[in-house]
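Next come the chains, spelled out residue by residue.
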Amino acid sequence: MSSLQQASKQANAFMQCQLLYVSESQQDQVDSLQVLIEQHRLPIELKAELSVDKLTQKRRQQLSQIAIQPILLLDDKNKLSWLSDGLSVAPEWDKLQRRVVSAGRKSELLLQAAKLTSDSCIIDATAGFGHDSLILGSTGAQVIMLEQQPLMALLLLVEQQRMSALPNWQKLMSRLQIINTDALSYFERLEADSDTSESNVIDVVYLDPMFPEDSYQDSKTGKGAKVGKHMQALHQLASPPTLDEECQLLISAKAVVSKYEQQSGRVIVKRSQHAPLLASQQPNESWHNEAVRFDGYFV
């Protein structure tokens with residue numbers, strides 16, 4: 001378990017995080033981050049510091065090697081990123097613009113599996129960097145994004161705020177709700193809620209839990225998809241769930257989509273092509289290509 005995993009293991013404990021910014025003129029942005037943390041009650045204690053050195057790649061590598069707590073960087077373009085193994089990682093939603101605009105069931109396996117409409121409401125229970133949430137939201141559906149790690153939740157909130165200032169993105173951003181919580185706790189609250197009105201119907205729950213890094217490769221051939229820098233970074237924060245945790249996650253997700261009297265509900269699970277089935281449970285249907293697989297459990 002990495003030091004970051006240990007730091008984030010206690011959900012109620014505050015995560016100490018260092019923020020390096022490059023100019024005194026960025027004080028307003030630093031203050032804005034503090035406000036965002038307070039508004040969303042993120043358990044983050046942010047220590048802001050003006051960097052006296054240029055944040056070159058060499059300097060970033062050095063900072064990663066000596067870091068004892070997570071480091072956030074605010075660069076000269078006011079872009080917030082997390083320093084992970086010398087690499088700056090951020091949601092970078094604007095880089096998905098072409099994919100989001102052209103997203104449809106023909107081009108996106110995820111949308112084939114989820115079968116969303118503009119009236120749907122879906123929970124992305126493991127939001128990560130939010131890329132799949134954007135694809136889901138492109139359908140017009142409402143997307144509730146759950147992210148357990150406070151650091152990731154902050155990056156998502158900052159990115160939503162940044163993209164909301166761009167006219168072409170405002171409608172999509174308004175359909176995303178970002179919540180810093182773990183999926184099981186959120187599911188339990190939904191199940192305990194006595195309000196069963198139509199406005200609270202959850203049509204789909206989407207799960208993309210971490211799985212062992214070696215499951216990206218075929219155990220027989222050793223070939224498989226290359227792990228990108230975003231996924232490498234997530235592996236520092238989260239460990240794959242145990243089999244018992246997988247079972248609990250799947251059972252709770254099914255309960256959420258079966259609570260209301262809609263015609264049907266489904267749980268969609270994303271896996272690498274060679275990963276084992278979640279909780280060893282056979283899905284009702286699967287959609288896959290060479291790199292990824294979506295398993296559907298229908299209720």
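Please read all numbers here as calculations on a predicted model, not as lab measurements.

Trainee: Account for the side chain of S120, with residues named and values stated.
Mentor: Take S120: it is sitting in the loop between α5 (109–114) and β6 (121–124). Of note is the side chain of S120, whose polar atom sits 2.9 Å from the backbone nitrogen of T117.

Trainee: Let's hear about the sheet that holds strand β7 (residues 142–146): which residues, and what values?
Mentor: Read from one edge of the open sheet, seven strands run β8-β7-β6-β9-β10-β12-β11, paired in mixed fashion. A strand with exactly one partner marks an edge of an open sheet, and here the two such strands are β8 (176–179) and β11 (285–288). On average, each strand axis in the sheet is tilted by 20° relative to the strand beside it, whichever way the strands run. Here β6 pairs with strand β9 (residues 204–207) via three bridges, running parallel. Note on β9: the bridge partner recorded for I123 is V205. Relative to the sheet, helix α7 (residues 150–164) contacts β7 and β8, its axis offset from that of β8 by approximately 150°.

Trainee: A description of the packing of helix α2 (residues 27–39) against α7 should follow, citing residues and the corresponding values.
Mentor: Between two packed helices, the angle of one axis relative to the other and the distance separating the axes together describe the packing. Contact pair α2 / α7: the axes reach a minimum separation of 11 Å and the direction vectors enclose 115°. With respect to the hand of their crossing, α2 and α7 are arranged in right-handed fashion. Residues S32, L33, L36 and I37 of α2 touch α7, and the partners they reach there are L154, L157, V158 and Q161. Each residue belonging to the contact of α2 with α7 can be placed in one class, and the counts come to six nonpolar, two polar and no charged.

Quick notes on the rules
Residues numbered from 1 in each chain as written. Predicted model: local features only at pLDDT ≥ 70, side-chain atom pairs only at ≥ 80, totals over all residues. Heavy atoms only, no water. Helix = DSSP H or I, 4+ residues; strand = E, 2+ residues; numbered from the N terminus. Polar contact = N/O pair within 3.5 Å; in protein donor to acceptor, adjacent residues only side chain to side chain. Pairing = 2+ DSSP bridges. Axes fitted to C-alpha atoms, helices over the stretch in contact; angles between N-to-C directions. Contact = heavy atoms within 4.5 Å. Left-handed = near helix turned anticlockwise from the far one by under 90°. Nonpolar A, V, L, I, M, F, W, Y, C, P; charged D, E, K, R; others polar.

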